[in-house]
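If you want the building blocks of each chain, they are given just below.
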Amino acid sequence: MKILKLVSIALLVMSSSIISAQEKVIHLDEVIVSSQEESEKAFDQFSNYIAFDDDFKYRYELRKSKLTNKVYYFPDTTIAKTQILKHFKKAARKSDDKDAFVKYFAQKHLHYIDSLEPGTVSGIYNTMRLTTLNGYLDGLVVLGGWD
């Protein structure tokens, strides 16, 4: 009789642990697979938006990119939209002109900027430079006429 009770208790414990293990659900981020060509086209559109849209807001786009988890695929790398925005901002902050901006990407081996038109790169630099402290100070110098 004792053996029957021990076996029934053991079965009860095992079945409750199996049931509790089955209740765990893991939610993963949505992954969208696209071709490299589509990704490069989307990157060009996004870059043009940064370069030529007067309503571009860096902080808003950064927040939005963190929520969407958009990823761009290039021949030599795969990079998230959030990281691209951060690299654009950092490169603009560390450089005094467009050439230094492009050189930042070459030094970091981030060759996705090479696929952009020179006018787009210049527009991205100018747009992102305005969002930095040095860009803000440069704007004050121009408006105030100070040297």
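Each remark here, short or long, concerns the structure printed above.
Computed from a predicted model, the values in this text were never measured in an experiment.

**Q** Explain the pattern of salt bridges here, please?
**A** Once their charged atoms are close, side chains differing in charge can pair, the charge on each being opposite to the other. According to the stated counting rule, one finds one salt bridge in the structure shown. Note that K64 is salt-bridged to E61, the shortest N-O span being 3.7 Å. Pair noted here: K64 and E61 are both in helix 3 (residues 58-68), with a separation of three residues, about one helical turn. Residue K64 is classed as partly exposed on the basis of its relative accessible area, which comes to 33%. For E61, a relative accessible area of 3% gives the class buried.

**Q** Teacher, can you tell me more about a nonpolar patch on the surface here?
**A** There is a patch of nonpolar side chains on the surface, built from L133, Y136, L137 and L140 and spanning about 400 Å² of accessible area. Its relative accessible area of 40% is what places L137 among the partly exposed residues.

Rules behind the numbers
- Residues numbered from 1 in each chain as written.
- Predicted model: local features only at pLDDT ≥ 70, side-chain atom pairs only at ≥ 80, totals over all residues.
- Heavy atoms only, no water.
- Salt bridge = Lys/Arg side-chain N within 4 Å of Asp/Glu carboxyl O.
- Helix = DSSP H or I, 4+ residues; strand = E, 2+ residues; numbered from the N terminus.
- Buried < 20%, exposed > 50% of the residue type's maximum accessible area, 1.4 Å probe, protein only.
- Patch = residues over 30% accessible without salt bridge, like charges linked within 9 Å, V, L, I, M, F, W, Y side chains within 5 Å.
- Areas by Shrake-Rupley, 256 points an atom, 1.4 Å probe, with all protein chains shown as cover.

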